[in-house]
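A structural walkthrough
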Amino acid sequence: MESATNHQAQAPPLHDDVRKLPNGSTSGVAASSQRIIRWFQALTIEQRVLTGFSLVFVGILIISAISYHNTNGLLRSSGLDGRSHELIQLLDSIDAAMGEAEGTHRRYLVTGEQAYLEAYKRVIAQKPTFSTYLNELTKDSPEQQRRAGELNRLMERQVSVESKVITQVQERGVQSVRKMALEGAGRRELDRIRQIISEMDVYERQAVNRRVIASAASTRDTIMLLAIGAGLQLVLLASVYYLIRHDIIERRRVADELQRRGELLEAANKELEAFSYSVSHDLRAPLRHIDGYAALLRKSVDQSLNEKAARYLQTISEAAKQMGQLIDDLLVFSRMGRQDMLQTTVNMDQLIKGIQSDLRLDLHGRQISWTIASLPEVKGDPSMLRQVFTNLLTNALKFTSTKPIASIEIGVEPPSSDEIVMYVRDNGVGFDMQYAPKLFGVFQRLHRADEFEGTGIGLANVRRIVHRHGGRTWADGVTDKGATFYVALPKGGIQG
Amino acid sequence: MTLTKPIVLAEDNPRDAELALAAMEEEHISDKVVLCHDGAEVLDYLYCRGQFKARLKGNPAVVFLDLKMPKVNGLEVLRTIKADTNLRAIPVVMLTSSREERDLAESYTLGANAYVVKPVEFQQFLSAVKELGVFWGVINEPPPERAWSHQ
């Protein structure tokens, strides 16, 4: 939260900078990184970690690509170096061969010795091989190719000049070519050949040098790139680590906090239990004494007790009894809130039958028309659910007591996907719908005590139990026409 | 039917004690009631020590025990009685305001012979105490002296 507000606080001035300098510049970069940070903060922790690792992955791919490219370049360059050296050697060989060809040819012309002619022919025989190699080794460089072509032509010319001279010797004798022999027949071509070879040699050596310098530079750049890339990866990984660590620490803190609250809650519950225990034990005693001493008083002054005094004593006893009932009901209410809940399948038909049989004494002298639908099985705590329907049926009986024939209906709404809705409907005194929200509150009563007795806890208990089952309660009513109380329970029982 | 053995009533609250005695009075058995004001006095009586050093030997017909008492509470007295071979035959009736399930469960586990919740209404309290007094003090045949000590 804190960092988020900081970013928001910094955002407006950066926006101004962007407007002033829309293209590039550091503040533009800052603004876009600001945007990225804000986008980043909107992500969940999983998305952030995923983003971080994706960036690392992309970084590794880029570094791999650069390494591959560079290694390829180095390999190509060293391949070229090899060819350059071969070419330089070839040029040396051509130089030597053409020189030897010219030499043997001239000796032949001077001496007419067949041995020289043979030697000359052996040297000349290498020429096609030289041409092939020359073409092959210069095909990467157009300039060298051009020179190689010229070199080839010159070699051709030298050989063709020399072969013409040889033909002349064989037709007209050695004397006819003596002058030419002294000058050297292909001398001019040979000089030119040597000049081109030297040019090619220099060119090739320079190319080698250039490549050495270029690949050194490229290697240096690559190492730099790799170092920067690795640094970025480290920063990214560190950020991802920080994120995960931050999240873990936060989660641990929340878990600790939850545990602390759980312990507090448990302590509070223990205290509440001790409180209700002491209520159950200590609050009853004085009530018993009030009632007891009132009775003893009545007994000891029995003769002289007038009607008024007797009524006072009666009221004292009744008040004490009522408070006793209230304490008992409150204890049940408190127990329903903290008691461990069972989760079993409850047969509602049997449950209702059991309650009816419990209530049969209260039904004495009453005319009641029961309508009881076939009820489904529900998931929950049998004794708690029994308490719910006991309260609802007791209420229905109580609030129909003024009717000549009480009509009580227990039913179930058409099945829905996630709830089972059961209801208890009566034709009793009902209630005004404007008081409906008060019905389920503790100590909330809609009738005076002299109309209908009760402590005002029954429906609060109903709601508490149904809520603990993950369900809902509500009621419909019309004054003097009757009321309907609904209990909705989740189909699969309480979740979690 | 005459009451031969005493009834021990452990009750720290003097009003409850007075009301209980008033009830016993109606049945004319109050003169046999030994009133103890806490658990320690009950044990003093049973072991003939302290203020009861000089009492006539023999176990009472029944002990009515309140749960919450100063010094030694009802459950501790119950535990001591049922753990002693000379005392464990004495019928013990818990007479308490507590309806709590764990008190009930623990009392019966320790060997209480009955558990009675004091009714708030005096008439009911009266009849409960009278019936208890008559049943355990008169109708019920107490165990023979040292019934379990020969084991």
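Residues numbered from 1 in each chain as written. Chains lettered and ligands numbered in written order. Predicted model: local features only at pLDDT ≥ 70, side-chain atom pairs only at ≥ 80, totals over all residues. Heavy atoms only, no water.

Focus on the overall build of chain A
Secondary structure assignment for chain A yields twelve helices and seven strands. Oriented by its inertia axes, the alpha-carbon framework of chain A measures out at about 190 × 50 × 45 Å. For chain A, buried positions account for 35% of its 496 residues. Nonlocal contacts in chain A, meaning residues at least 24 apart in sequence, comprise 74% of its contacts between residues at least 6 apart. (Helix = DSSP H or I, 4+ residues; strand = E, 2+ residues; numbered from the N terminus. Buried < 20%, exposed > 50% of the residue type's maximum accessible area, 1.4 Å probe, protein only. Contact = heavy atoms within 4.5 Å.)

Let's talk about the confidence of the model for chain B
Segments scoring low in pLDDT should not have their predicted coordinates read at a detailed level. All names here are of chain B. Taken as a whole, chain B shows an average pLDDT of 84; of its residues, 93% reach a score of 70 or greater. Of all secondary-structure elements in chain B, the lowest mean pLDDT belongs to helix α5 (residues 122-139), at 84, while helix α3 (residues 74-83) reaches the highest, 92. Within the model, pLDDT remains below 50 along residues 147-151, and this stretch shows seven contacts once partners closer than five positions in the same chain are excluded. (pLDDT = per-residue confidence, 0-100.)

Topic: helix α12 (residues 458-468) of chain A
All names here are of chain A. Buried within α12 are the following residues: L459, A460, N461, V462, I465 and V466. The elements touched by buried residues of α12 are α9 (307-338), α11 (382-399), β6 (472-478) and β7 (482-490). G470 occupies a position one or two residues after α12 and carries a positive phi of about 80 degrees.

Quick word on the environment of N70 of chain A
Residue and element names in this part refer to chain A. Within the fold, N70 resides in helix α3 (residues 45-111). Separated by 304 residues in the primary sequence, N70 and S374 place their C-alpha atoms 83 Å from one another. Leave out the neighbours within four places in its chain, and N70 touches S218, T219 and T222. Among the polar contacts made by the side chain of N70, one reaches the side chain of T222 at a distance of 2.9 Å. (Polar contact = N/O pair within 3.5 Å; in protein donor to acceptor, adjacent residues only side chain to side chain.)

Observations regarding helix α1 (residues 14-26) of chain B
Residue and element names in this part refer to chain B. End to end, α1 covers 18 Å across 13 residues, agreeing with the expected 18 Å (1.5 Å per residue, within 8%). Regarding α1, the residues found buried are D16, A17, L19, A20, A23 and M24. Seen along its axis, α1 keeps its buried residues to an arc of 165 degrees; they face one direction. Backbone nitrogen of R15 and a side-chain oxygen of the N-cap are separated by 2.9 Å at the start of α1; the cap is N13. Of the residues trailing α1, H28 is marked for its positive phi of about 60 degrees. (Expected span 1.5 Å × (residues − 1). Arc of directions from axis to C-beta.)

Looking at the layout of surface pockets
Residues and elements named next belong to chain A. The computed volume of the largest pocket comes to approximately 1,400 Å³. Of all elements in the fold, only α9, α11, α12 and β7 reach the threshold of two or more residues within the lining of the largest pocket. Ranked by the residues each element gives to the lining of the largest pocket, the list is headed by α9, at ten residues. Considering only residue class, the lining of the largest pocket consists of 16 nonpolar, 19 polar and 14 charged. Residue assignment places the lining of the largest pocket across two domains, with domain 1 (43-339) and domain 2 (341-490) each supplying three or more. (1 Å grid on protein atoms, 1.4 Å probe; cavity = no way out; pocket = protein on both sides within 12 Å on 5 of 7 lines; lining within 4 Å. Points joined across faces, edges and corners; volume = space filled by probe spheres on them. Nonpolar A, V, L, I, M, F, W, Y, C, P; charged D, E, K, R; others polar. Domains from an automatic or database assignment.)

Details of the packing of helix α2 (residues 39-46) of chain B against α3 of chain B
Residue and element names in this part refer to chain B. Packing of α2 against α3 brings their axes to within 9 Å, and their N-to-C directions diverge by 20 degrees. One finds that α2 runs roughly parallel with respect to α3. Where α2 crosses over α3, the two elements pack in a sense that is right-handed. Contact with α2, carried on its side by G39, V42, L43 and L46, involves V77, T80 and I81 of α3 and no other residues of that element. Split by residue class, the contact of α2 with α3 holds five nonpolar, two polar and no charged. (Axes fitted to C-alpha atoms, helices over the stretch in contact; angles between N-to-C directions. Parallel < 35°, antiparallel > 145°, perpendicular 65-115°, else oblique. Left-handed = near helix turned anticlockwise from the far one by under 90°.)

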